[in-house]
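Survey of secondary and tertiary structure
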Amino acid sequence: MKQFKNLLFISTLLLCWMLVSCKTTARIPAGWSLVWEENFNQRKDFDSQVWSKIPRGKSDWNNYMTDFDSCYAMRKGKLVLRGIVNQTLPNDTAPYLTGGVYTKGKKAFSDGRIEICAWLNAAKGAWPAIWMLPENAKWPSGGEIDVMERLNDDSIAYQTVHSHYTYTLGIKNHPKSHSTGVIHPDRYNVFAVEMYPDSLSFFVNDVHTFTYPRIRTQKEGQFPFNQPFYLLIDMQLGGSWVGAVNPKDLPVEMEVDWVRFYQRKSFK
């Protein structure tokens, strides 16, 4: 009986560890081959040959971006991106500072499946995102692939495609251009998109959420996604969609465990 209890205790510990860490679920999806991965095992900084810090812009998603060190960390094999109150940079008028990285000009993805394992900590006004933009085309005509967006402390993640067809022409339901997937707020989640020449298929924790297909239409710009896209991962705060920030909830972190890219054998 004592041996049984010990075995049950050990099994429970192993199960708990598997629930909170993506490192233990390094499995290759059926039918795919792993061709590239980033495990963020660097001690001091991320690999600058693949990643760059996202510069500040004028849009809701990047108007607090900074290269300030306090918004970035490498911790126990994780990339940590933070949103903080700006109490340190007196010459910067932004009330908040946020960290984000992208592979623009360094690494692009197409014809494959990309997966990102991340823990999304909650705060009022928090807007972590994992998404993709084309290397060689302007927005929105070149398209945008939103692999994950989470608002505040939601238990769902939003997945969306944008293009001239969906944004400029406003055709968002023929075909359906967005969906949501259930996430675990208190542990890591895996977000994925499969990129095909004629469709995009989205997943949250291996649950298929929706597929956006290429269709026959006389309307312009319906499927610009058959081209190389770079990856963006960022922790942003506030904006017209997520709403106001509660500074008492800050700092807030987004922890990225790994990124993996797979291809079918026919694409290799």
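Under an unreviewed UniProt entry, the name given to the protein chain is Glycoside hydrolase family 16 protein, and the source organism is Bacteroides faecis. UniProt lists a comment for the protein chain under the heading Sequence similarities (unreviewed entry), and it reads "Belongs to the glycosyl hydrolase 16 family."

What follows concerns the overall build of the protein chain. Looking only at helices and strands, one finds 2 helices and 16 strands in the protein chain. The buried share among the 268 residues of the protein chain stands at 51%. In the protein chain, the share of contacts with a sequence separation of at least 24, taken over all contacts with a separation of at least 6, comes to 71%. Accessible area of the protein chain: about 13500 Å², with a carbon and sulfur share of 53%.

Our next topic: the confidence of the model for the protein chain. Should pLDDT be low for a region, the predicted coordinates there are not to be read in detail. Mean pLDDT for the protein chain: 92, with 89% of residues reaching 70 or above. Scored below 50 in pLDDT, residues 7-19 shows 4 contacts in the model against residues more than four places distant or in partner chains.

Scanning the entire structure with this criterion turns up 9 salt bridges. Its salt-bridge partner being R75, residue E255 comes within 3.6 Å of it at the nearest N-O pair. Residue E255 is found in strand β16 (residues 252-263), and its partner R75 is found in strand β3 (residues 72-75); the two are separated by 180 residues along the sequence. The shortest N-O distance in the salt bridge between R82 and E253 comes to 2.8 Å. You can see R82 sitting in strand β4 (residues 78-85) and its partner E253 sitting in strand β16, a full 171 residues away along the chain. As far as burial versus exposure is concerned, R82 and E253 are alike and both buried. Here the residues in one salt-bridge network are R75, R82, E253 and E255, joined through shared partners.

A few words on the environment of L79. For L79, the location among the structural elements is in strand β4. Those residues in contact with L79 that lie beyond four places of it in its chain are F40, F46, A73, M74, V101, M254, E255 and V256.

Attention now moves to the side chain of N152. Considering the arrangement of structural elements, one finds N152 in the loop between β9 (144-149) and β10 (156-162). For N152, a relative accessible area of 18% corresponds to the buried category. One polar contact links the side chain of N152 to the main-chain amide nitrogen of G125, over a distance of 2.7 Å. Setting aside its immediate chain neighbours within four residues, N152 contacts A122, A123, K124, G125, A126 and V242.

With that settled, consider the environment of L250. Mapped onto the fold, L250 is located in the loop between β15 (229-237) and β16. Here the alpha-carbon distance between L250 and I84, two residues 166 residues apart in the chain, equals 5.6 Å. Once residues within four sequence positions are removed from consideration, L250 is found in contact with G83, I84, V85, Y96, A123, L237 and V245.

Our focus in this paragraph is the environment of D186. Within the secondary structure layout, D186 lies in the loop between β11 (178-182) and β12 (189-196). Linking D186 and W119, residues 67 residues apart in sequence, is a C-alpha distance of 7.7 Å.

Of all 6 residues making up β9, 6 are buried, and the element is well covered by its neighbours. The pairing of strand β8 (residues 126-134) with β9 spans 4 bridges and is classified as antiparallel. Looking across to β9, one finds that M132 is bridged to I145. With 4 bridges connecting them, β9 and β10 associate as antiparallel partners. In the strand pairing of β10, E149 is matched with Y158.

How each quantity is defined
Numbering of residues starts from 1 in each chain and follows the order in which that chain's sequence is written. Thresholds applied to this predicted model are a pLDDT of at least 70 for local features of residues and 80 or more for the giving and counting of side-chain atom pairs; totals over whole chains, interfaces and linings are not thresholded and use all residues. Processing note: side-chain calculations cover all non-hydrogen atoms of the structure and skip hydrogens and water entirely. UniProt positions are given in the numbering used here, feature names are shortened, and annotations may be inferred rather than shown by experiment. Labels follow the DSSP assignment, with helices taken as runs of H or I lasting at least four residues and strands as runs of E lasting at least two, numbered in each case from the N terminus. A 1.4 Å probe rolled over the protein chains alone gives each residue an accessible area, and that area as a share of the maximum for its type sets the label: buried under 20%, exposed over 50%, partly exposed in between. A contact between two residues is defined here by any heavy atoms of the two lying within 4.5 Å. Accessible surface is estimated by sampling points in the Shrake-Rupley manner with a 1.4 Å probe; for residues, cover comes only from the protein chains shown. Every residue carries a pLDDT, the predictor's confidence in it, which falls somewhere between 0 and 100. Salt bridge, as applied in this entry: a Lys or Arg side-chain nitrogen positioned within 4 Å of an Asp or Glu carboxyl oxygen. For this analysis, a polar contact is any N or O atom pair within 3.5 Å, provided that within protein one partner can donate a hydrogen and the other can accept it, and provided that sequence-adjacent residues contribute only side-chain to side-chain pairs. Only when DSSP finds a minimum of two bridges between them are two strands counted as paired.

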